[in-house]
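# Structure at a glance
Residue-level listing of the chains:
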Amino acid sequence: MSETLVIHARIATMRGGKYSMIEDGALATSEGRIAWVGPMAELDRQKLPARADPKMLDAEGALVTPGLIDAHTHLVYGGNRAAEFEKRLEGASYEDIAKAGGGIAATVKATRAASDMELRDQSLARLRRLMAGGVTTVEIKSGYGLDMHTEMRILRVAKLLAKDIPVRIRTTFLGAHALPPEFAGRADDYIELLCKEMIPAIALDGAADAVDCFCEGIGFTPEQTQRVFSAAHEMGLRVKLHADQLSDLGGAALAARNRALSADHLEHTNEEGVLAMAKSGTVAMLLPGAYLFLRETKLPPIELLRRHNVPMAIATDCNPGTSPYTSLPLMMNLACVLFRLTPEEALAGATAHAARALGLEEEAGSLEPGKSADFVVWNAEEPAELAYTGGVRPRAAYFAGTYRT
């Protein structure tokens with residue numbers, strides 16, 4: 001593994017979720033880790049990797065940030081739902097489409113029919129587009145199989161993607177995404193299957209790092225969600241939640257009671273839920289792509305989240321039905337324009353807070369000695385440029401010290 005020394009960079013370290021800028025900085029890597037980061041004036045050759053002369057990269061004043069982290073995606077699926085996009089533009093609601101057999105059920109059908117190779121190839125193309133925007137870590141949920149065989153296939157395909165290209169993959173079991181057609185009218189029976197068979201099998205296989213649930217009127221009740229979470233805890237898995245996207249079912253508070261890594265969407269979350277998240281340390285996962293694509297009008301409670309110091313992460317929610325986007329910088333732009341986040345909050349949401357939403361705060365999300373050497377050299381000088389256009393491209397990206405682009 002080669003060592004790297006980046007010099008003359010404007011480094012946004014993102015320590016503490018702030019820019020924490022080093023105006024004329026240097027960064028040294030060793031064995032895939034950050035060995036040293038600081039001002040050029042303090043660069044001491046004795047701090048550099050001793051194993052070999054490092055490869056030198058003169059950033060010439062360019063911006064360097066941590067590698068971006070997309071902490072909520074549904075990247076592995078079959079087919080697409082472009083026809084539903086047309087229907088929504090004609091006035092059909094998300095609920096209307098779901099009740100007519102479209103929505104998640106349509107993608108489940110296509111995913112079950114796809115071969116492993118087809119799922120891999122389609123997903124790899126989406127992953128490469130994410131990585132082209134500076135992403136070095138991706139969370140991938142299942143949830144388009146809704147049976148043991150296909151859910152396990154999705155999770156295994158997701159993990160295999162990291163064997164093709166240098167990227168960190170975290171997997172989440174989302175068996176409680178929707179009710180499969182074979183369990184129509186028997187939601188409690190399906191939850192029983194999840195809790196007694198699927199979650200234990202997936203945990204024992206090591207196929208997932210966490211368990212998620214869609215707690216919503218067209219999804220699962222808070223009581224059913226709690227059963228899923230209890231089963232996950234019993235197997236030693238962390239939890240997260242699709243919460244309060246379409247209505248206020250107390251999802252944020254439910255997530256907090258279970259010490260969830262994140263509560264995601266949150267458009268209808270009330271102050272009680274925000275306070276509970278602040279107490280539990282649960283991250284607020286904002287998904288502006290879905291908000292835009294569904295033409296929602298109720299904003300997440302951004303001011304409440306700020307007031308109570310709840311960390312806000314940002315993700316693409318890449319999925320075929322409600323957010324078919326594969327650019328995290330674009331989501332940073334939308335978070336600023338639609339949700340009124342500051343550019344600093346947006347970058348923190350795609351780095352430090354996103355790492356926390358995956359339980360990776362000790363490994364990634366900021367440029368500090370000892371952490372994985374995941375960083376991006378941008379064709380930009382100011383960190384606000386990343387959210388300003390949503391389209392700034394990396395000049396170079398590194399994952400665990402490995403040069404990628």
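Residues numbered from 1 in each chain as written. Predicted model: local features only at pLDDT ≥ 70, side-chain atom pairs only at ≥ 80, totals over all residues. Heavy atoms only, no water.

By the naming in an unreviewed UniProt entry, the chain goes by Imidazolonepropionase and is assigned to Usitatibacter palustris. Per its UniProt entry, the chain bears the Pathway (unreviewed entry) comment "Amino-acid degradation; L-histidine degradation into L-glutamate; N-formimidoyl-L-glutamate from L-histidine: step 3/3." (UniProt positions renumbered as here; feature names shortened; annotations may be inferred.)

## As for the overall build of the chain
The helix and strand inventory of the chain stands at 15 helices and 17 strands. Taking 2.2 N^0.38 as the reference for a compact globule, 405 residues should give roughly 22 Å; the C-alpha atoms of the chain span a radius of gyration of 21 Å, in line with that estimate. Expressed along its principal axes, the backbone C-alpha trace of the chain runs to roughly 70 × 40 × 40 Å. Taking all 405 residues of the chain together, the buried fraction comes to 59%. Within the chain, contacts between residues at least 6 apart in sequence are counted, and of these 70% link residues at least 24 apart. Total accessible area on the chain stands at roughly 15,600 Å², and carbon and sulfur atoms take up 51% of it. If you average the places of the 43 positive and of the 52 negative side-chain charges in the chain, the two averages end up 2 Å apart. (Helix = DSSP H or I, 4+ residues; strand = E, 2+ residues; numbered from the N terminus. Rg over C-alpha atoms; globule rule 2.2 N^0.38 Å. Buried < 20%, exposed > 50% of the residue type's maximum accessible area, 1.4 Å probe, protein only. Contact = heavy atoms within 4.5 Å. Areas by Shrake-Rupley, 256 points an atom, 1.4 Å probe, with all protein chains shown as cover. Lys, Arg positive; Asp, Glu negative; His and termini not counted. Charge placed at Lys NZ, Arg CZ, Asp CG, Glu CD.)

## Some thoughts on the UniProt feature "domain: Amidohydrolase-related" (unreviewed entry) in the chain
According to UniProt, the "domain: Amidohydrolase-related" (unreviewed entry) feature falls on residues 63-380. With 45% helix and 15% strand, the stretch residues 63-380 has end C-alpha atoms that lie 6 Å from each other.

## Digging into the environment of T342
Along the chain, the position of T342 falls in the loop between α12 (328-339) and α13 (343-349). If we skip the residues at most four places from it in the chain, T342 touches R306 and C336.

## Quick word on the state of the cysteines
All told, the structure shown has 0 disulfides when counted by the stated rule. Here C195 stays unpaired: no disulfide links it, and the sulfur of C213, its closest cysteine neighbor, is 9.0 Å away. Free cysteine C213: the closest other cysteine sulfur is in C215, separated by 6.4 Å. Classification of C213 as buried rests on a relative accessible area of 0%. (Disulfide = S-S within 2.5 Å.)

## Quick look at the packing of aromatic side chains
Scanning the model with the defined rule gives 8 aromatic pairs in all. Judged by centre distance (5.1 Å) and plane angle (20°), the rings of F85 and F293 are stacked. Pair noted here: F85 is in helix α1 (residues 82-89) and F293 is in helix α10 (residues 288-293), with a separation of 208 residues, a long-range link. Owing to a relative accessible area of 36%, F85 belongs among the partly exposed residues under this scheme. The interplanar angle of 80° and the centroid separation of 5.2 Å between the aromatic rings of Y291 and F339 together place this pair among those described as edge-to-face. With a gap of 48 residues between them, Y291 in helix α10 and F339 in helix α12 connect regions that are remote in the sequence. Ring pairs connect the aromatic residues F85, F293 and Y325, which therefore count as one cluster. Cation over ring: R126 sits above Y77, and NZ or CZ is 3.6 Å from the ring centre. (Phe/Tyr/Trp six-rings, centres within 6.5 Å; stacked < 30°, edge-to-face > 60°. Lys NZ or Arg CZ within 6 Å of the ring centre and 35° of its normal.)

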